[in-house]
Amino acid sequence: SVSQSCMVRISSLYPPPLALASCAKPRDPALKKRDDFEDILEERRSSSDLRYALRCYVPVVYKGIAPCKPGVLKTAVLQSDRLRHVMSKETGESADVIREEASGILEEMAHRLRLGTVRFFAYSLSKAFKALFQRVRVNEDGIQRLQQSIQEHPVVLLPSHRSYMDFLIMSYILYTYDLSLPVIAAGMDFLGMKIVGEMLRMSGAFFIRRSFGGDKLYWAVFSEYVKTMLRNGYAPIEFFLEGTRSRTCKSLTPKLGLLNIVMEPFFKGEVFDVSLVPISISYERVLEEALYARELLGVPKPKESTSGLLKARKILSEDYGSIHVYFGHPVSLRSLAQGRINRSQYNLLPRHIPRRPSQETQAFVNETAYRLVRLQEENMVLRPWVLVAALLLQNPDGVDMERLVEQTSWLRGLAVSFGAFLDWPDYVSASKAVASSLALHTGLVRTEGGRAQLAMEPKEPGSPEEDLFDRAASVLSCASYRNQILHVFLRPALLGMAMQMAEASRKDDIYSCFSFLRDVFSNEFILCPGGTVQDFDEACYMLTKCAAVHVQKQEVVATEKGQRILSFLTSLFQPFLKGYQVGPAPFLELVDYPRHFCFLGFLPSATSELTCYEALSSDVQKNALAALLRMKVVRKLKV
Amino acid sequence: MFSLTPPQLFGSKKDGVKQAEIQGLLKYGWHTEAMVLTAIRGELVVIPVEWSWLTLSRVLFSRQEVMKWNGWGYSDSRFLFNKKGQAEFTGRRYRLSGMVLPSLKDWFESTFGASLQHKSPATATLNASAVPFPSLNEAFLQDLKSTGIPFSHEAEDRVFRAHGHCLHEIFALREGKFGRVPDLVVWPNCHEDVVKTVDLACRHNVCLIPYGGGTSVSSALECPPDETRCIVSLDTSQMSRILWIDEKNLTAHVEAGIVGQDLERLLNESGYCTGHEPDSMEFSSLGGWVATRASGMKKNVYGNIEDLVVHIKMVCPRGVVEKSCQGPRVSIGPDIHHFIMGSEGTLGVVTEVTIKIRPMPEYQKYGSVVFPNFEQGVACLREVAKQRCAPASIRLMDNAQFQFGHALKPQVSSIFTSFLDGLKKFYITKFKGFDPHHLCVATLLFEGDRERVLQHEKQVYDIAAKFGGLAAGEDNGQRGYMLTFVIAYLRDLGMDYYVIGESFETSVPWDRVLDLCRNVKERIVRECRERGVQFPPLATCRVTQTYDAGACVYFYFAFNYRGLADPVNIYGRVEHAAREEILANGGSLSHHHGVGKLRKHWMPESISDVGIGMLKSVKEYVDPDNIFGSRNLL
């Protein structure tokens, strides 16, 4: 089986930031113009892959600087003031020993980008992609913007992270468009894979340990390595804001460690600006689909190994539909920081001496991280299937095809008016879209006698626990598709739930319920701390726009027409509400939070509703527990 | 009214002019032929030694006859494009005077996207009727008359003293616009006159703004528009005597109104110099240097103004402030000189200064070094500073400024010279592989006895070689320094063709020099683009001073404003942004231009609120009625 956690999770280094009030006027999401896509496999299907892999590759570079050799880069890092400073502070060991150690860390970490390896990947990935996917579609306007940015300022590429394919795809696309290949922050787990790890290293990956909490030397080497590359405009730096692959297809709360590192050279005036490029990679079918569901149910993730990868070859025989890669508008860090960060705070300390960022800086970095993840979400292409999946989950007993088509069509209108980036051209009828969606996901849906239903019945009956496990796995798989569209409905749905909760139409009451719900779910969804007012306004705006509610000065009232929308929205998020209600209950007495127990430790009664299967997800449980801890509802006990 | 005996047209330069004096004059770019002092009513004035008391500043009693009323410097010296479209520098005062500069036009047009077809000429003459009528304090005027101190309320005199040389000030003058101008100009002749004037001002609640050379670039001379009292410009130009020279202690006691070139010339006659040479030294005054904390080009040998002054006498509303001895260093509490230096006319008028003097250097030598890029050049300057072996002056121009300097090369007289130039260029760019779009030049000036200069020179060139620097000859060095004197004239040329610009400066720790230079230049380019400036601006810098812990950086910024409705406003916003960028990158608010009113917005963040409070409390004690009401600094 394939299962590789690709990217590293650098835990947030600093405590959560201050809330920031914002009173920006809500924008109309539906008005957002987006670029068109080109299929880059089209050319690959009609011309030689070998010639493509061997073609002349001359990428544009930052300010015309010639990329330096990896060896030069290492020397620069080892001789940097920052490292010398840390070395002089480390006591107990001789300078030589520490230098050796630093050199060792760097050896383990550093990439060794080689064009030969890149060409090998270009060739073999062409073959693999053609086998796996119908299309790999890229917005070429985004590529052009990126090309411009690369020449002007150091660039940081921030793709969403749903699959371990993500960074292969990224490098493949950049190679295809003759852009500088990025250096990519990857988790050390990859190095466990013989040959493959080193090959990734030669195609631009650099490896970071999963945890190095107190190791100051490691932190110094690592951050200096990244900053040196950034300052010299050596190559675009790529990492995943979410830190790890999202098993649920929801965006994860961003991690701030690397973002802090890449922003620092700007704060300290070492570069004029840094371009942050959010990139949204959406899969019609994620390669790891089945694995994720199992992982969420507590089956440990298989260790990365080359033999495991080889065994995974069987997936090459399946159809994974299309991939959409959207390169968002480069975000200028300088513009973001304008009026937010007083850069002269760095004037009084030599710049190589590390120091804790100020509160305003922490708040800024955090807010920027959320903003970037939201940009990733907004540009995530959604297939009609995610609408179908959402509807099927709301109809656990199945639904007539006709009704499903009608509902899908209705939902499409709603999603589009909320600004969803739906890949559903007008000429495709709803029935056709539904049919082709179901066809691609036969493993998850059963269609019999004009009805569609989630495939819940196990192929071979086993013990009750095994059956339950299988049922839960298929619900979670399906939920991972529905999850892709949650960000579109999140804010209006929170408003809808708040209206239900408040049981009155007074705006203040609804707002406080909204605020509470938002707080509860802030580990679950991308809700920037301090953005409550803005989110509330946005929710009101969106629901007013589709005439679901009537917002007055003091009151928010649901309209007649709004009933359907509001009930859809609340039931869309019902599984999470349920999950938070029952999910963490069995663990509240536990000292340490053992992952494997999430399945065994909690069995819903046989008659429980379908939605409760989602409460079994370790992700929901983890988030719920974190929320309860954060809100000081429960307390961690050490036994 | 006071009247100056019109100087006669004196004989030829040979009349008793010593060789040393000619040498001295040459240094400042004076015309080689004669000791031309100034031109009055269109006639050259050549003075013999006996007349040397006739300093420029005394002549400046009626400035407008010698100097431009709406531009920089002498009326007879200006750049223009002649009928053939070639640039020319008129007059006879400077080495460049009378020369044709064949490459300036191309540089000008390609750098700014400007065209000789598109002219933006200035108003030709000062329209006195457009000048606001003076609001005079009659009682003050009566008392003033009784003292016999000369004064004037003629429009020309007042307009002349209402401005410095900021872009917006000159731009307004060129358009014939006048804001609030002083109501009266007084010319005290000595310290006692100043005491009387200040006394009267206090008695009649009149606002005083001291005026020295008028070369301020910080809006310090601008009259506060909402000042309702009578504003009197106190012109120190008549206080320009050297009162004594003390050869035992090597000090000179000088009246504060003397301008730089006169001070040097007069001291040179006795075989001495101060060595204080700010770029504005042709016109700026000793008192002005003290009031703004000036810095001279050769500070590496002679020190900045704070190192040079031994004693200061200042007349304040509260009385006269001075120290009781001339001890070379004292430990008697915070140095009161440091309340005076940099006070920018807000506390009183500096009337007399005892300043250190040095025997004139036996030998001077220019030099220059070409570096493959700016980074290497800065690294070299840093090393020179580290080894504390900086020559009298060392400056590093960036590539754009190097090209600019090149555009100012006069027409070469022979094929041989042009052949040599070509050869040099070939050697540097082809043989040594320097990229002409990256290379940059450092200019050097050595001073001292011959042997030591040569030794010193070798030391510096050896360091330069370690950073890839190639010696590029004396000529390039000398031209580099000449540029500083003519650059201000060039701005007037630009303004004739829709190009506006200015310079500004900062000081910054060594490790931030490169980052600051790059970021500020880029900020300027970006701001211009965002504000609708059609053609990319010229944004260039040079490192002009080295210190143990940092350097002084000087920026030039200019752009073509065709198509912009309010160019001065845009200029101001871009300069503001550039200053923010400087501060964000660890640069200071000013190295030597001062704060004035232009930069006082940033004072609290620069010196903290407590610091502001300290300055305020001094102001409140010294001048409780805000007689010195220029409102600079605070």
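Residues numbered from 1 in each chain as written. Chains lettered and ligands numbered in written order. Predicted model: local features only at pLDDT ≥ 70, side-chain atom pairs only at ≥ 80, totals over all residues. Heavy atoms only, no water.

Counting its secondary structure elements, chain B contains 20 helices and 23 strands. Evaluated residue by residue, chain B yields a buried proportion of 60% over its 634 residues. Of the contacts made within chain B by residues no fewer than 6 positions apart, 77% connect residues no fewer than 24 positions apart. When the accessible area of chain B is evaluated, it comes to approximately 25,400 Å², of which 54% is carbon and sulfur surface. (Helix = DSSP H or I, 4+ residues; strand = E, 2+ residues; numbered from the N terminus. Buried < 20%, exposed > 50% of the residue type's maximum accessible area, 1.4 Å probe, protein only. Contact = heavy atoms within 4.5 Å. Areas by Shrake-Rupley, 256 points an atom, 1.4 Å probe, with all protein chains shown as cover.)

Once that is clear, we can look at the overall build of chain A. Along chain A, the regular secondary structure elements total 24 helices and 14 strands. Residues classed as buried in chain A amount to 58% of the 639 residues present. Looking at chain A alone, contacts between residues at least 24 apart form 81% of all its contacts between residues at least 6 apart. Total accessible area on chain A is roughly 26,900 Å²; 54% of this is exposed by carbon and sulfur atoms.

Residue and element names in this part refer to chain A. Together, Asp36, Glu38, Glu42, Glu43, Glu140 and Asp141 line one region of the surface with negative charge. At the level of elements, helix H1 (41-46) and helix H7 (140-152) are the ones that each hand at least two residues to the negative patch. Counting through the fold element by element, Asp141 comes out in helix H7. (Patch = residues over 30% accessible without salt bridge, like charges linked within 9 Å, V, L, I, M, F, W, Y side chains within 5 Å. Salt bridge = Lys/Arg side-chain N within 4 Å of Asp/Glu carboxyl O. Lys, Arg positive; Asp, Glu negative; His and termini not counted. Charge placed at Lys NZ, Arg CZ, Asp CG, Glu CD.)

Residue and element names in this part refer to chain A. Two elements in contact, helix H3 (residues 70-78) and helix H5 (residues 95-109), have axes separated by 11 Å at closest approach and are oriented at 145 degrees. Read as a crossing pair, H3 and H5 show a hand that is right-handed. Taking contact as the criterion, the partners of Lys74, Val77 and Leu78 in H3 are, on H5, Ala102, Ser103, Leu106 and Glu107. The class makeup of the residues in the contact of H3 with H5 is 4 nonpolar, 1 polar and 2 charged. (Axes fitted to C-alpha atoms, helices over the stretch in contact; angles between N-to-C directions. Left-handed = near helix turned anticlockwise from the far one by under 90°. Nonpolar A, V, L, I, M, F, W, Y, C, P; charged D, E, K, R; others polar.)

Facing 13 residues of chain B, the contacting portion of chain A comprises 18 residues. Here chain B and chain A share an interface that buries about 1,300 Å² over both sides, 31% of which is from carbon and sulfur atoms. Area buried by chain B at its contact with chain A is led by Arg512(B), Glu522(B) and Arg526(B), which between them contribute 41% of it. Among the ionic pairs, Arg526(B) bridges to Asp273(A), the shortest N-O distance being 2.9 Å. Applying the counting rule to chain B against chain A returns 11 residue pairs in polar contact (both at pLDDT 80 or more). Sorting the residues of the side of chain B that touches chain A by element identifies helix H18 (513-530) and helix H19 (567-584) of chain B as the ones contributing at least two each. (Buried area = accessible area lost by both parts, 1.4 Å probe. Polar contact = N/O pair within 3.5 Å; in protein donor to acceptor, adjacent residues only side chain to side chain.)

To continue, consider the environment of Met239(B). All names here are of chain B. Here Met239 is to be found in the loop between strand S9 (231-235) and strand S10 (242-246). A relative accessible area of 0% means that Met239 is categorised as buried. Along the chain, Met239 and Ile258 lie 19 residues apart, while their C-alpha atoms are 6.5 Å from each other. If sequence neighbours within four positions are ignored, Met239 has contacts with Pro188, Asn189, Cys190, His191, Val194, Glu255, Ala256, Gly257, Ile258 and Thr351.

What follows concerns the UniProt feature "site: Important for enzyme activity" (unreviewed entry) in chain B. Residue and element names in this part refer to chain B. UniProt tags Arg395 as "site: Important for enzyme activity" (unreviewed entry). By the element assignment, Arg395 lies in strand S18 (residues 393-397). Arg395 has contacts with Asp279, Met297, Val441, Ala442, Thr443, Tyr481, Thr484, Arg542, Val543 and Thr544, leaving out every residue within four places of it along the chain. There is a polar contact of 3.0 Å between the side chain of Arg395 and the side chain of Asp279. (UniProt positions renumbered as here; feature names shortened; annotations may be inferred.)

Time to look at the state of the cysteines. Applying the stated criterion across every chain, the model contains 0 disulfides over all chains. Free cysteine: Cys380(B), not disulfide-bonded; nearest cysteine sulfur from Cys389(B) at 8.7 Å. (Disulfide = S-S within 2.5 Å.)

Let us now look at the sheet that holds strand S13 (residues 309-316) of chain B. Residues and elements named next belong to chain B. Sheet architecture is open: 5 strands sit in the order S10-S11-S15-S13-S14, paired in antiparallel fashion. One side of each edge strand has no neighbouring strand; the edge strands of this open sheet are S10 and strand S14 (319-321). Each neighbouring strand pair of the sheet contributes to a mean axis angle of 10 degrees, computed without reference to strand direction. Bridge analysis of S13 against S14 gives 3 bridges, and the strand direction is antiparallel. Bridging across to S14, Val315 finds its partner in Val320. (Pairing = 2+ DSSP bridges.)

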